[in-house]
Amino acid sequence: MQTILRTYRAGLFWRCLRRLGTLLVLWSWGLLSGSALGFRNSRLDADSKLPIMGLMPINKAAESISEGIIPAVELATEHVHNKFLPNTSKLVLKWYDSECDNAKGLKAFFDGIKYGPKHLMIFGGVCPSITSIIAESLKEWNLVQLSFAATTPVLADKKKYPNFFRTVPSDNAVNPAVVKFLKHFHWRRVGTLTQDVQRFSEVRNDLTNELEKADIQIADTESFSNDPCLSVRKLRDNDVRIILGQFDENMAAKVFCCAYNENMYGIKYQWIIPGWYQLNWWKPIASIYCNEKNLLTAMEGYVAVDFEPLSTKEIKTISGLTPQQYKQEYNKMRGSAEYSKFHGFAYDGIWVIATTLQRAMDSLKRLGDPQTIRDFNYVNKDLGQIFLDSMNETNFFGVTGQVVFRNGERMGTIIFSQFQDKVEVKVGEYNAIADSLELINNTLRFQGVEPPKDRTIIQPQLRKISLPLYSILSALTVLGMFMSSAFLFFNIKNRNQKLIKMSSPYMNNLIILGGMLSYASIFLFGLDGSFVMPNTFETLCTVRTWILTVGYTTAFGAMFAKTWRVHAIFKNVKMKKKIIKDQKLLIIVGGMLLIDLCILICWQVVDPLRRTVEDYPLEPDPAGRDFAIQPLLEHCENSHMSIWLGIVYAYKGLLMLFGCFLAWETRNVSIPALNDSKYIGMSVYNVGIMCIIGAAVSFLTRDQPNVQFCIVALVIIFCSTITLCLVFVPKLITLRTNPDAATQNRRLQFTQNQKKEDSKTSTSVTSVNQANTSRLEGFQTDNHRLRMKITELDKELEEVTMQLQDTPEKTQYIKQNHIQELNNILSIQNFTDGKDCDKPLMKNQHDSRSQVPWGTTLEPSRTNKDVIEDINSPEHIQRRLSLQLPILHHAYLPSIGGVDASCASPCVSPNASPRHRHVQPSFRVMVSGL
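Rules behind the numbers
Residues numbered from 1 in each chain as written. Predicted model: local features only at pLDDT ≥ 70, side-chain atom pairs only at ≥ 80, totals over all residues. Heavy atoms only, no water. Helix = DSSP H or I, 4+ residues; strand = E, 2+ residues; numbered from the N terminus. Expected span 1.5 Å × (residues − 1). Buried < 20%, exposed > 50% of the residue type's maximum accessible area, 1.4 Å probe, protein only. Arc of directions from axis to C-beta. Contact = heavy atoms within 4.5 Å. Phe/Tyr/Trp six-rings, centres within 6.5 Å; stacked < 30°, edge-to-face > 60°. Pairing = 2+ DSSP bridges. Axes fitted to C-alpha atoms, helices over the stretch in contact; angles between N-to-C directions. Core = buried A, V, L, I, M, F, W, Y, C linked by side-chain atoms within 4.5 Å. Salt bridge = Lys/Arg side-chain N within 4 Å of Asp/Glu carboxyl O.

Visitor: What is the right way to read helix α12 (residues 323–334) from this model?
Guide: The α-helix winds at 3.6 residues per turn, so residues separated by three or four positions along the chain end up facing the same way. Over its twelve residues, α12 extends 16 Å from the first C-alpha to the last, a length consistent with the 16 Å expected when each residue adds 1.5 Å. All buried positions along α12 are accounted for by P323, Y326, Y330 and R334. In an axial view of α12, the angular spread of the buried residues amounts to 65°, which keeps them on one side of the axis. Pointing more than 90 degrees away from the buried face of α12 are the exposed residues Q328 and K332. Just downstream of α12, G335 is the residue with a positive phi angle, here 65°.

The structure is reproduced here in C-alpha cells:
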C-alpha cells in the first residue's frame, strides 16, 4: 500500500498539481468547503485559510451520523472563529464522502490529496475498515488524523497507526472502567460471552489482559455466531454469575431470551453489556426471539457501559459554555435532524484541531523558524512532526469532559447505566484520567438485598446429629443401662434362689453385660464432627464397631448356650449321663467371641475404617440468601466395606438361625426356671425383624444423619430392652409373687414324636435340680432299670406261686397274710400326707417276704400239661394276684421312690436298710405301667 501511495504521489498527484496550479486548487477547494459547511464569511483571504480534510459517510445508509455531526461541527467552527481565532486564521473544512466502503473511501482520500489544497490535517473517519487503511498510510504523508467516531480497538496500535488520534474513547477504553466496577463490588470471578465479530473479539482480548492484571479470575470464555443459547448454558453450568457480554443489539435480544430460558437472571446474576445501543433498542426485536415480557424480565438490572457523550459537570468549557449550554445551542442548530451521540466529540474535535494549530504556530515562533503552518506540504516532515507533538499536548476541558490523549487514545469519561423498568438510568461514571469510579447514590438497584455474588458461594456445612435428638436418645440409653444394672443386681442378689440358680446366673450376667455394651455403643454412634476432632472420630469408627459386635455376641451367645444345654439334656435319646456345667457354656460363649475378635482384628489390620467426608449436591440457602450450602457428611468406611460387612452379617445371621433352631427344638420343655426357649424365640424374632428394617432404613437415610442415628439408636434400644425384659421380668415376677414356683411344676412334657416312640416307657419327671443335672439323668436311667427289674420279678412271682401249688399248708398261711396286708393297702388315704408306718406292719412285711423263696426255679418235670392247666384255673389266678400285689407295694415300691417314708401305707423305715432308704421328695419318680 505504501508503495502504491508513493507511486501515486510521485506521478499523478504532482503532474496534476503542476497542471492546474496551486492557486486554482486552493480557490476551488475554498468554494466547495464554504458551500458544504455554510460558512457565513466567504470573503476570507487565501493566506488566512487553514484547510482541513473531512472524511465521513454522507450517503443515506449513514445519514444519521452526518445529520447529527454537521450541526455540531458548524457550531464548533463558529465558536472557534469568534473566541479562539477571531483575527488571524480561519479553519476551512471540506467533506469527502467515504460511504463506509474501502474503495470509495480510498478514492475520496486520494481525490482530496490530488484535487484539494495542502490539507494540514484530516478530521473524521467513522467506519473502522476504511479508517484503518487511511490511518496506516498517514505517516508517509506527514498528516495527522483526528477521528470523532472511530471506536474500533485496532486503531489503538501506535506502532501501526502513529499519526492517528480520536476524541472518542475506543471500545477498549471501557475495559479499565469495567475492571474498576468489578473491584468496587468485590467480584473476583467473571465469565465472558462474545459474538464472533472482530470488533468484539478485540475488546474481549484487551479485557482479558486487564482482568489478568487486576487478578480477576475468568471462569469461562464463551463465543457464538448465531445461537448463543449453548454458550449461555455453559456459563450456567460453570457457575458464572457475573457475565461480561460483547455483542450487538440484535444478538443481545437472543442472549437475554436464552438467559430467561436458562434462569440466568434475577438476584443471583449480573449482566454487563455495551452501552452504545440505540435508545429502546429492544422494541423492534422483542417479539422475534421470545415473549416481550420474558425478555424484559431477563433484561431487568443489566448494566451498560459506554463513553459519556456529554459531561454532566456544570463547568465552563474551552468555548466558554457549559456542556448544558452547548447542548441547548446544538439542539437549536440541529432542528429536526437526526440525533447522533458523537456530536460532542465532533465539537471537541474542532477545538482540538484549533488548539493544535495554535500550539504549532507558537512552537515555530518559539524556535525562530521562519516557516509558518501554511508552508506545510506532504513531504515536510518537520512541520508534520510539530503537528504530531502539538496534538499529543492537547489538554482542555470540553463538552465531553477533559480532553487528554495518552498514546493517541482519548482519556475520557465512561458512563454506567442500568436498565430499570424499561429505561436505562445513569448510575455512575468512571474518570479515566484520575482512574476513579463514582457511583450515584441510591440509583444502582440490585434485585436482591445485596449485590449478587461472583460465584455460588459454597458454605460447607457438616451434617451433624441434632443435639436435642442426641440428648433424648442418650437419656433413653441411660434408662436402659439403669435397667440393666437393676437386673444385674437382682441376678447377683438372688443367685442362690432355686429359680435363679436353675437359670444359670453366670449366663444371665453375660446377657446383661452384652446388653449394656449395646447400649454403650449408642453414645459413640451419636458423636460426630460437631463433637469430636477428625482423628478422634476415626478412632470412634473402630471402637463403636467392636463394642456393638462384642455386645451382640455376648448377649445372644449366652442365651443360645443356655438353650443348647436344655436341648442336649432333653433331646438325648440314648439316655446317657451327661454333665454340662456353666464352665462349658462359658467356653462356648468365649469361642463365639474369639471368632468375633479374629474377624475384627483382621478387619482392623488389613483394611481399617477411615473417616471419609462425602459431598452432596448443593442446596439453596433456607433463608433465601445468595449462597449455596454444601452438605458434608462423615462416614466410617474402607476400601472393601461391603466384604467385611458381609462377613459379619453372615456370622451373626448363622448365630441367630442356630438360636432359632434350638429355641424351636426345646419349645415344649415347660420348666420356666430352666428353659428360656420361648423368650429366646421372641427375642430372636424381634431382633431379626428390627435389624432387617433398621439396616434397610439406615442405608436409605445415609444422607440424613439425624434419621439414621435415630433409627440405629432405637433399634439397639428396642432389641436390648426387649431381650433383657423377656429374660428377667418373668423371673422377677415369679420370684416376687411365688418363690416356690420352681419346685411346684414337676412334670416334664416331651414331644409327641418321642411319646409315640416310647409310649410304654413314658415318664413324668417331677423336679430337677439345675445345680446337679447329672442326678436327673441318673434317675432316668434308674427308672428304666427298675422297670426292667419289675418285669423279672413278675416272672419270679409266677414261679413262686407255681411252687406253692405243692404246699397247701403254706398256701393257707400266705392266704391269711395276704388278706391282712390287702386290708392294710386298701386303708391308704394319701401318699403324700400319711404318717410313719407301724413297726408290726413292717414285721409282717418282712415275714411275708421271708416266706417267698427268691430265685427258686421250677424243674421241667413239674411243668406238664396238667400243672399248667391247674395254674391257669380261676382259683390259682386269684391266689397269684393276691400274693403279687402286697409284695410289690411293700417290697419294691419304696425302693424306687413311689412311696414316701412318711406315708400311711406299708413301707419301710428310713433307716430299715440301705436298699430301702428314704428318697427325698425332690428326687422321687413315679413309675406307671405296672
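Visitor: Honestly, the environment of M559 in this entry has me stumped. Any pointers?
Guide: Note that M559 resides in helix α18 (residues 534–570). Spatially, the C-alpha atom of M559 lies 8.1 Å from that of G659, the residues being 100 residues apart in sequence. When neighbours within four sequence positions are excluded, M559 is seen to be in contact with I511, I680, S683, T723 and V727.

Visitor: Sorry, what's going on with the packing of aromatic side chains here?
Guide: A ring pair, where both rings are aromatic, is described by two values, the distance of the centres and the angle of the planes. One pass over the full model with this rule turns up 33 aromatic pairs. Seen from their ring centres, F165 and F405 are 5.4 Å apart, and the 70° between their planes marks the pair as edge-to-face. Here F165, found in strand β5 (residues 164–166), pairs with F405, found in strand β12 (residues 401–406); they are 240 residues apart in sequence, far enough to count as distant. Exposure remark for F405: the relative accessible area of 8% places this residue in the buried category.

Visitor: I keep staring at unusual backbone geometry and nothing clicks. Help me out?
Guide: Excluding glycine, residues mostly have negative phi values, and the peptide bonds linking residues are mostly trans. Its identity is not glycine, yet N142 carries a phi of approximately 60°, on the positive side. In this fold, N142 is placed in the loop between α5 (128–141) and β4 (145–147). A positive phi angle, near 55°, is found at N407, a position not held by glycine. Tracing the sequence through the fold places N407 in the loop between β12 and β13 (409–410). On the basis of relative accessibility, which here comes to 60%, the residue N407 falls in the exposed class.

Visitor: What is the right way to read the sheet that holds strand β8 (residues 242–246) from this model?
Guide: Backbone hydrogen bonds are what pair the strands of a sheet, in a parallel or an antiparallel way. Taken together, the eight strands give an open sheet; going across it, the order is β7-β6-β8-β9-β10-β14-β15-β16, and neighbouring strands pair in mixed fashion. Of all strands in the sheet, those bounded by a partner on one side alone are β7 (217–224) and β16 (436–439). Adjacent strand axes in the sheet meet at a mean angle of 25°, parallel and antiparallel pairs treated alike. Bridge count between strand β10 (residues 303–307) and strand β14 (residues 413–420): five bridges; the pairing is antiparallel. Bridge pairing in β14 links V303 to Q418.

Visitor: How should I be thinking about the nonpolar core in this particular structure?
Guide: If you look at soluble globular proteins, the nonpolar side chains tend to sit buried side by side. Counting 98 residues, the largest nonpolar core has F123, F148, L182 and L357 as the members making the most contacts within it. Residue contacts for F148: discarding those within four places in its chain leaves M56, I69, W95, F123, G124, V126, T167, V168, F342, F345 and A346. Residues L510, I522, I680 and C719 belong to the second largest nonpolar core, which totals 53 residues.

Visitor: When you look at the sheet that holds β13 in this model, what are you seeing that I'm missing?
Guide: Taken in spatial order, the three strands line up as β11-β12-β13 in an open sheet, and their pairing is antiparallel. The sheet terminates laterally at β11 (395–398) and β13, the two strands that pair on one side only. Here four bridges tie β11 to β12, and the two strands are oriented antiparallel to one another. Pairing of F396 across the sheet is with V403, part of β12. Contacts from helix α13 (residues 343–367) reach β11, β12 and β13 within the one sheet, and its direction differs from that of β11 by about 150°.

Visitor: Would you explain the pattern of salt bridges in this entry?
Guide: Between side chains of opposite charge, a pair can form as their charged atoms come close. Summed over all chains, the structure comprises 17 salt bridges. Residue R166 pairs with E409 through a salt bridge whose shortest N-O separation is 3.0 Å. Highlighted residues: R166 in strand β5 and E409 in strand β13, separated in sequence by 243 residues. Given a relative accessible area of 12%, E409 falls into the buried group. With its nearest N and O atoms 2.5 Å apart, the salt bridge here joins E619 to R463. Linking E619 in strand β19 (residues 619–620) with R463 in the loop between β17 (458–462) and α15 (467–493), this pair joins segments that are 156 residues apart in sequence. Taking the relative accessible area as the measure of exposure, E619 reaches 31% and is therefore partly exposed. Three or more residues joined by partner-sharing salt bridges are found here, namely R233, R236, D237 and E262.

Visitor: In this structure, what is going on with the pairing of β8? I would like to understand it.
Guide: When you tally the buried positions in β8, you get five out of five residues, the bulk of the element. Along β8, one buried face is formed by I242, L244 and Q246 and the opposite face, lined by I243 and G245, is buried too. Two elements, strand β6 (residues 189–195) and β8, share four bridges in a ladder whose sense is parallel. The partner of T192 across the bridge, within β8, is L244. As paired elements, β8 and strand β9 (residues 270–274) share three bridges and run parallel to each other.

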